[in-house]
Amino acid sequence: MSLNSYEALCAFANQLERNVFGENFHTKVVVTPSSIKEAGVVIKVSLLKTFIPNDVPASKSSRTMRVRVSVSGAAPSLTGLKQAVEAIEALDKFFIKPDLRLELGRKTVIDRITNSRITQVVSQEDSFIDSPDSTAVQDVQDDRIIIITFPS
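Quick look at the structure, then. Everything quoted here is computed from the prediction, not taken from an experiment.

This part covers the packing of aromatic side chains. Per the counting criterion, the structure on display carries two aromatic pairs. Arranged with centres 6.3 Å apart and planes meeting at 35°, the rings of phenylalanine 12 and phenylalanine 95 form a pair that is tilted. Taken together, the residues phenylalanine 12 in helix 1 (residues 5–19) and phenylalanine 95 in helix 2 (residues 78–95) connect sequence positions 83 residues apart. Owing to a relative accessible area of 0%, phenylalanine 12 belongs among the buried residues under this scheme. The class of phenylalanine 95 is buried, set by a relative accessible area of 9%. Seen in terms of ring centroids, phenylalanine 94 and phenylalanine 95 are 5.0 Å apart; in terms of plane orientation they differ by 70°. Their pairing is edge-to-face. Across the pair, exposure class does not vary: phenylalanine 94 and phenylalanine 95 are buried alike.

With that settled, consider the pairing of strand 2 (residues 41–51). As defined by bridge partners, strand 1 (residues 29–31) adjoins strand 2 across three bridges and the pair is classed as parallel. If you follow valine 30 over to strand 2, its bridge partner there is lysine 44. Pairing of strand 2 with strand 3 (residues 62–75) involves 10 bridges; the strand directions are antiparallel. Along strand 3, the bridge assignment pairs valine 42 with serine 72.

It is worth spelling out the nonpolar core at this point. One finds Phe12, Leu16, Val67, Phe95, Leu102 and Ile148 to be the most contacted residues of the largest nonpolar core, which totals 32 residues. Looking at this core, the elements that each hand over two or more residues are helix 1, strand 2, strand 3, helix 2 and strand 8 (138–151). Sorting elements by how many residues they give to this core places helix 2 first, with seven residues. With sequence-adjacent residues up to four places away left out, phenylalanine 12 is seen in contact with Val45, Val67, Val69, Phe95, Leu102, Ile118, Ile146 and Ile148.

Inspection of the entire model under this criterion finds five salt bridges. Salt-bridge contacts for arginine 18 lead to glutamate 103; the nearest nitrogen and oxygen are separated by 2.9 Å. Taken as a pair, arginine 18 in helix 1 and glutamate 103 in strand 4 (residues 103–105) lie far apart in primary sequence, 85 residues in all. Here arginine 144 ties to aspartate 92 by a salt bridge, and the two come within 2.8 Å at their closest N and O atoms. Within this pair, whereas arginine 144 is found in strand 8, its partner aspartate 92 is found in helix 2, the two being separated by 52 residues in sequence. Overall, arginine 144 belongs to the buried group, its relative accessible area being 2%.

What counts, and at which threshold
Residues numbered from 1 in each chain as written. Predicted model: local features only at pLDDT ≥ 70, side-chain atom pairs only at ≥ 80, totals over all residues. Heavy atoms only, no water. Phe/Tyr/Trp six-rings, centres within 6.5 Å; stacked < 30°, edge-to-face > 60°. Helix = DSSP H or I, 4+ residues; strand = E, 2+ residues; numbered from the N terminus. Buried < 20%, exposed > 50% of the residue type's maximum accessible area, 1.4 Å probe, protein only. Pairing = 2+ DSSP bridges. Core = buried A, V, L, I, M, F, W, Y, C linked by side-chain atoms within 4.5 Å. Contact = heavy atoms within 4.5 Å. Salt bridge = Lys/Arg side-chain N within 4 Å of Asp/Glu carboxyl O.

Shape descriptors only; they carry no functional weight alone.
Shown next as structure tokens:
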């Protein structure tokens, strides 16, 4: 099965929506650019780059995407902070799964894409920042770069 980058991006966002949840939260996954303005914390998926790798001759039949996945928003209370921490931990659990592959599907019928691969690089920057406007709010910005290789 071959995909274009937009199809792979949407499939990845749906995969996150299915797999990243917690006991006390359900965070919306948003593909940017988007006009959605959610209160609280959201998971943003942003396409950074798409290219055909040229390091291996066999890779000419595949495509690589670099995607930013961010847990972002405001944590205006301890409950908001707890939900943000749980969302970050849920992403951590998802991305450490062995043999992580891109998946197509919605709720019940899921197809793992053969010859696909998902890896991550976690930003070393702080994820929780005091809001300059208020001592009662913390801004959340936890970024990670995801590398997705898939058949094209």
